[in-house]
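Take a look at the letters that make up each chain.
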Amino acid sequence: MRHFVDGAFVDSTETFANLSPIDGRELSRVCEADVAVVENAVRAAKQAQKGPWGKLGASERADWLHKIADGIEARFDDFVAAEVADTGRPINQARTLDIARGIANFRTFADLVRTSGGEFFETSGAEGSEYINYVTRKPLGVVGIISPWNLPLLLFTWKVAPALAMGNCVVAKPSEETPTSATLLAEVMRDINLPAGVFNLIHGHGADAAGEWLTRNRDIDAITFTGESKTGSAIMKAVADGVKNVSFELGGKNAAVVFADADFDAAVDGVMRSSFTNAGQVCLCSERVYVERPIFERFVAALKAKTETLKLGSPYEEGTTTGPLISKGHRDKVLSYFRLAVEEGATVVTGGGVPTFGNACDDGAFVQPTIWTGLADTARTVTEEIFGPVCHIAPFDGEDEVVERVNNSAYGLAASVWTSHLARGHRVARQIETGIVWVNAWFVRDLRTPFGGAKLSGFGREGGRHSMDFYSELTNVCVKVI
Ligand code: NAD
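Residues numbered from 1 in each chain as written. Predicted model: local features only at pLDDT ≥ 70, side-chain atom pairs only at ≥ 80, totals over all residues. Heavy atoms only, no water.

K.L.:
Just checking my understanding: could you explain the UniProt feature "active site" (unreviewed entry) in the protein chain for this structure?
P.N.:
As annotated in UniProt, the feature "active site" (unreviewed entry) corresponds to E249 in the numbering used here. Taking the relative accessible area as the measure of exposure, E249 reaches 4% and is therefore buried. Non-local contacts of E249, meaning those with residues more than four positions away in its chain, are made with W158, K159, F225, T226, G227, F451, S457 and E462. A polar atom in the side chain of E249 sits 3.3 Å from the side chain of W158. (UniProt positions renumbered as here; feature names shortened; annotations may be inferred. Buried < 20%, exposed > 50% of the residue type's maximum accessible area, 1.4 Å probe, protein only. Contact = heavy atoms within 4.5 Å. Polar contact = N/O pair within 3.5 Å; in protein donor to acceptor, adjacent residues only side chain to side chain.)

K.L.:
Would you explain the UniProt feature "domain: Aldehyde dehydrogenase" (unreviewed entry) in the protein chain in this entry?
P.N.:
In this numbering, the UniProt entry assigns the feature "domain: Aldehyde dehydrogenase" (unreviewed entry) to residues 11-477. End-to-end, the C-alpha atoms of residues 11-477 are 46 Å apart, and along that stretch the chain is 41% helix and 21% strand. (Helix = DSSP H or I, 4+ residues; strand = E, 2+ residues; numbered from the N terminus.)

K.L.:
How should I be thinking about the pairing of strand 11 (residues 245-249) in this particular structure?
P.N.:
Looking along a regular strand, one sees the side chains alternate between the two faces of the sheet. In terms of burial, strand 11 is a largely internal element, four of the five residues being buried. Direction of pairing for strand 10 (residues 222-226) relative to strand 11: parallel, over a ladder of five bridges. What sits directly across from A222, in strand 11, is N245. Looking at chain direction, strand 11 and strand 21 (residues 458-459) are connected through two bridges and run antiparallel. Note that in strand 21 the partner of E249 across the bridge is G458. (Pairing = 2+ DSSP bridges.)

K.L.:
Looking at this structure, how should I read the pattern of salt bridges?
P.N.:
When charged atoms on two side chains of opposite charge get close, those side chains can pair. Following the criterion strictly, the structure yields 31 salt bridges and no others. The shortest N-O distance in the salt bridge between R25 and D23 comes to 3.3 Å. Judged by relative accessible area, R25 falls into the partly exposed class, the value being 46%. For D469, the salt bridge identified is with R465, shortest N-O distance 3.6 Å. (Salt bridge = Lys/Arg side-chain N within 4 Å of Asp/Glu carboxyl O.)

K.L.:
Would you explain the sheet that holds strand 18 (residues 414-418) in this entry?
P.N.:
Two strands in a sheet stick together by hydrogen bonds in their backbones, pointing the same way (parallel) or opposite ways (antiparallel). If you trace the seven strands from one edge of the open sheet to the other, you get 14-15-16-13-12-18-19, paired in mixed fashion. Each of the sheet's edge strands pairs with one partner strand only, and the pair in question is strand 14 (347-350) and strand 19 (436-439). Ignoring which end each strand starts from, the neighbouring axes of this sheet average 25° apart. Pairing of strand 18 with strand 19 involves four bridges; the strand directions are parallel. Looking at strand 19, one finds that A415 is bridged to V437. Helix 12 (residues 328-343) rests against strand 14, strand 15 (370-373) and strand 16 (390-396) of the sheet, and its axis sits at about 20° to strand 15. (Axes fitted to C-alpha atoms, helices over the stretch in contact; angles between N-to-C directions.)

K.L.:
Can you walk me through the pairing of strand 12 (residues 254-258) in this structure?
P.N.:
Counting buried positions along strand 12 gives five out of five residues, so the element sits mostly inside the fold. Sheet analysis places strand 12 next to strand 13 (residues 286-292), joined by five bridges and oriented parallel. Bridging from a neighbouring strand, V258 pairs with V291 of strand 13. Once the chain exits strand 12 it traverses helix 10 (residues 264-276) before rejoining the sheet at strand 13, and the crossover so formed is right-handed. (Right-handed = clockwise from strand over helix to strand, strands pointing away.)

K.L.:
Which parts of the structure should I look at to understand the site of the ligand?
P.N.:
Residues in contact with the ligand amount to 30 residues; listed here are only the nearest, K173, E176, T231, L250 and E385. Within the backbone of G206, one N or O atom sits 3.5 Å away from an oxygen atom of the ligand. Here L250 contributes a backbone N or O atom positioned 2.7 Å from a nitrogen atom of the ligand. For the ligand, the protein covers 92% of the area, taking 850 Å² as the surface of the free molecule. For the shell around the ligand, the secondary-structure elements that each account for two or more residues are helix 8 (210-216), strand 10 and helix 9 (229-240). Mapped onto the domain boundaries, the shell around the ligand takes at least three residues apiece from domain 1 (3-250 + 457-480) and domain 2 (254-446). (Near = heavy atom within 4 Å. Areas by Shrake-Rupley, 256 points an atom, 1.4 Å probe, with all protein chains shown as cover. Domains from an automatic or database assignment.)

K.L.:
What exactly am I supposed to notice about the domain arrangement of the protein chain here?
P.N.:
How big an interface is tends to be stated in terms of the accessible area lost upon association of its parts. Along its sequence, the protein chain is organised into domain 1 (3-250 + 457-480) and domain 2 (254-446). On a C-alpha basis, the centroid separation for the pair domain 1 and domain 2 is 31 Å. Each partner contributes residues to the interface: domain 1 has 26 residues there, and domain 2 has 30 residues. In total, domain 1 and domain 2 occlude about 2100 Å² of area from one another, counting both sides; carbon and sulfur atoms represent 60% of this. Per-residue buried area on domain 1 facing domain 2 is highest for I22, W149 and S457; these three make up 27% of the total on that side. Taken together, the links from domain 1 to domain 2 amount to eight residue pairs in polar contact (both at pLDDT 80 or more). (Buried area = accessible area lost by both parts, 1.4 Å probe.)

Right, here's the structure in full:
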């Protein structure tokens, strides 16, 4: 896996191994960017931004985004294979979610940038004078993009697409755990002859490595980052001296709330998906589940039964629903929480350990989908993000009580509410302090809507015009007409 800088693939002398989470074997060697590679990439982006790319009209930029989307679609199976190998996720998920959304990200922002209008105001001044105000958008310049491993292409393109749509050039770093789909994207950029320097890809690690050097580079105009809250905090410090724009999509400790009046089967299905999709490695997954007391026991039993039908294993085996965690390092972290929950007094309803397969998957990074009950709201396992296939289920007795318990979190990313009471669904959703609340749904995303989090889950919103706002600099022009 090589870097893509100024329109060409380039090597580094240092490399690191990309290991399969399915069976631990080495999938590829990945170049580790040194300071010079990062600087060259930023320089190439700056140069390209000053060139014809920075002067393209919105419609021409939209045409390029459609070409990129078509290029991904033409190599759809290669992208699916890359994502499955790097992450171990089920093939069907990679097809219907990851790669499909990667394509949709480019098409959505192409259409948005082509069709969006601007702001315009008429203003009355002193002594009968009249003015018009209108707003123009300019690119920010060079945007640094740093993304995580949990939905590699989806989250990478969620930032690359709007950044290019608004006329910026980018230097983008995917997670060191999942370098392959971003490298394929660079091949697409090369094959469609995107002007050199508009899209630059650097591989490498974060702290004291490519990620940090990118955030500290003076010629970067903005940083957009998705990942852990503590990394967000480190990046904030790194960009502070330069007062750079930042957009952060960070961690979560999301809640699902099930009222006794909910459609029971839909709620069980919904919570099973929201807790265990992608082995719990979606930032929107629910790790805290609150169930109204009259249906608590029945709900726990039903979720346990459903969870035990999940089939763990290699994505290449028929019927697999649940893959491994991303790495053995991440598994160590999740297993430490499994031990801590027991120390904190949890009842383990199901799971709690490492599955055995009797095949190569025993060298992978699997853990059992796990449900706990009996923990205090203050337990570390109920307050800290674990990012694995795990949830704690607690009973509650009233609407106000559950809203307070949901909001009593350092995070504020997402929540889901299950109820058949229409007004209650709206009422509770409005009181929850998160960037997104689903009612009788989970993980439904309209890409025009704002997406982001409150508190430790980040700030700024991306999606639709919110992305357009972040990735552009607005200038208000005020003209005296009378
Ligand atoms: P991470 O923060 O460890 O790494 C993310 C990226 O940041 C990687 O590319 C990494 O190399 C880089 N990085 C690490 N330290 C850095 C530093 N000091 N300077 C610059 N770059 C640095 O996160 P992860 O483990 O890859 O991803 C999982 C986390 O991401 C979870 O907390 C999850 O909730 C969060 N997440 C949030 C959202 C969202 O939309 N809010 C979406 C997906 C994942």
